[in-house]
Amino acid sequence: MERRSFIRSTGIAGVLAAGAAPAIVQAQANLRWRLASSFPKALDTIYGGAEVFAKKVSELSGGKFTISVHAGGELMPPFGVVDGVQNGTVELAHTAPYYFFGKDDTFAIGGAIPFGLNSRQMTAWMQEGNGMSLMREFYAQFNIINFSCGNTGAQMGGWFRKPLKSLADMKGLKFRVGGFAGKVIERLGGVPQNIPGGEIYQSLEKGTIDAAEWIGPYDDQKLGFAKVAPYYYYPGWWEGGLELSLYINTKAHSGLSAEYKAIIEAASAYAHVDMQAKYDARNPTALKQLVAQKVKLTPFPKDIMDAAFKESMALYSELSAKNPNWKKVYADYANFRRDQNLWFRFTEAQFDRYMQSVKL
């Protein structure tokens, strides 16, 4: 009997009983979202992380789920993206969590804090430790669900118009530094400035600020800092590995199908790895080019490092005593950091020190 006549004569029940029914797949609806970034388009690594994510979402959904990416200032100010997601003005944001420490200092732990985890350790805490569950519990207060979406790795310490000889030179220094780390700079006698990436060069050039940090050689070279501040310090002790976050409005996320939720998770994980790889691949060449331009590459004086560490630990104790959100998340973070540093001491740290001491 031909298949069509069989279906007509037996009906759908007969088809199902015979096991001959074609699979019924529920079609996913076309969906278009907007993503607000905190970064300028010129930075193809950190801003590009959102574009990599959006492209992967489109590919995995067969073009049905598209996300338009908007640079800082296009839809809202660079530091206004959390409000935009929280209020549902946009569905998503891509940003550095520590920019929003003014809402609650706990935001910073989701990105980077002074003398915190490096990038490998941060990924381990978020994905295999308690980091993701703790941060999601915290972000729920702001109508946000978060996903890891990039990491810069350890950063440089920034560009200075004049050399730093000792801790005394920090006094009164107007220093552009990302978000939460400004609290420690202030305790060292500096004057922190929280300025979006696209506005740093002009501030340095005009002398409105004395120093500025951004990320590392690849981005710093694009932003032209060497032209206006010749002293390049290291390391960026305030971020051993900045994790970028994808923030999604909770209601928007809960309205997604299971398939689209899985696509969001997969695309953010892809973008997370992609960003770190790009920075690690591109920074060495950029650093060599900057040194060839007579940039003065210099480590921070030890008394600055020691004072910064001491003040950071004191700050964390103070926050734990007065902020329940901070106390809960930081206690777990600190325990994880202690164990990770014990492990890395005998493995990566020893290996890296040896490899950097030999001629290759």
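Residues numbered from 1 in each chain as written. Predicted model: local features only at pLDDT ≥ 70, side-chain atom pairs only at ≥ 80, totals over all residues. Heavy atoms only, no water.

**Considering the overall build of the protein chain**
Consideration 1: In terms of helices and strands, the protein chain carries 13 helices and eleven strands.
Consideration 2: Within the protein chain, the fraction of its 360 residues that count as buried is 49%.
Consideration 3: A sequence separation of at least 24 residues applies to 77% of the contacts in the protein chain between residues at least 6 apart.
Consideration 4: Accessible area of the protein chain: about 17,100 Å², with a carbon and sulfur share of 55%.
Consideration 5: Counting 40 positive and 33 negative side-chain charges, the protein chain places the centres of these two groups 2 Å from one another. (Helix = DSSP H or I, 4+ residues; strand = E, 2+ residues; numbered from the N terminus. Buried < 20%, exposed > 50% of the residue type's maximum accessible area, 1.4 Å probe, protein only. Contact = heavy atoms within 4.5 Å. Areas by Shrake-Rupley, 256 points an atom, 1.4 Å probe, with all protein chains shown as cover. Lys, Arg positive; Asp, Glu negative; His and termini not counted. Charge placed at Lys NZ, Arg CZ, Asp CG, Glu CD.)

**Structural notes on the pairing of strand β3 (residues 92–95)**
Consideration 1: Burial along β3 is two-sided: the residues L92 and H94 and A93 and T95 are all buried.
Consideration 2: By the bridge criterion, three bridges tie strand β1 (residues 31–37) to β3 in an arrangement that is parallel. From the neighbouring strand, A36 faces β3, where its bridge partner is A93.
Consideration 3: Across four bridges, the pairing between β3 and strand β10 (residues 243–249) is antiparallel. (Pairing = 2+ DSSP bridges.)

**Some remarks on the packing of aromatic side chains**
Consideration 1: What the rule picks out here adds up to 33 aromatic pairs.
Consideration 2: Here the aromatic rings of F101 and F180 are separated by 6.4 Å at their centres, their planes lie at 80 degrees, and the arrangement is edge-to-face. A residue pair is termed long-range when its members are at least 10 positions apart, and F101 in the loop between β3 and α4 (119–127) and F180 in the loop between β6 (174–176) and α6 (182–187) qualify at 79 residues.
Consideration 3: Ring plane angle 65 degrees and centroid distance 6.0 Å describe the contact between W238 and F300, whose orientation is recorded as edge-to-face. With W238 in the loop between β9 (231–234) and β10 and F300 in the loop between β11 (296–299) and α11 (302–322), the pair connects residues that are 62 residues apart, well separated along the chain.
Consideration 4: Within the aromatic cluster, the residues linked to one another by ring pairs are F39, F79, Y98, Y99, F100, F107, F138, Y139, F142, W214 and Y247.
Consideration 5: Positioned over the ring face of Y270 is K56, at 4.2 Å from the centre of the ring. (Phe/Tyr/Trp six-rings, centres within 6.5 Å; stacked < 30°, edge-to-face > 60°. Lys NZ or Arg CZ within 6 Å of the ring centre and 35° of its normal.)

**Points about the sheet that holds β6**
Whether parallel or antiparallel, the strands of a sheet pair through hydrogen bonds between backbone atoms.
Consideration 1: Overall, mixed pairing links the six strands, which are arranged β7-β6-β8-β5-β9-β11 in an open sheet. Every interior strand has two partners, whereas the edge strands, β7 (191–193) and β11, have only one.
Consideration 2: One ladder, built from four bridges, connects β9 with β11; its direction is parallel. The partner of Y231 across the bridge, within β11, is K296.

**Some points on the sheet that holds β1**
Consideration 1: One open sheet accounts for five strands, arranged β2-β1-β3-β10-β4; its pairing is mixed. Unpaired on one side and paired on the other, β2 (65–70) and β4 (144–151) mark the two borders of the sheet. Strand-to-strand, the axes of this sheet are offset by a mean angle of 25 degrees, without reference to chain direction.
Consideration 2: Packed on one face of the sheet, helix α2 (residues 48–60) meets β1, β2, β3, β4 and β10 and runs near 165 degrees to β2.
Consideration 3: Each of β1, β2, β3, β4 and β10 touches helix α10 (residues 258–292); the most contacted strand, β4, lies at about 30 degrees to it. (Axes fitted to C-alpha atoms, helices over the stretch in contact; angles between N-to-C directions.)

**Thoughts on α11**
Consideration 1: Here α11 is 21 residues long and its end C-alpha atoms lie 31 Å apart, about the 30 Å a rise of 1.5 Å per residue gives.
Consideration 2: When α11 is considered as a whole, its buried residues turn out to be I304, M305, A307, A308, S312, L315, Y316, L319 and S320. (Expected span 1.5 Å × (residues − 1).)

**Here's the deal with the packing of α4 against helix α5 (residues 131–139)**
Consideration 1: It is at 5 Å that the axes of α4 and α5 come closest, and there the two elements cross at 70 degrees. In terms of orientation, α4 lies roughly perpendicular with respect to α5. Across from W125, M126 and Q127 in α4, the residues of α5 making contact are G131, M132, L134 and M135. (Parallel < 35°, antiparallel > 145°, perpendicular 65-115°, else oblique.)

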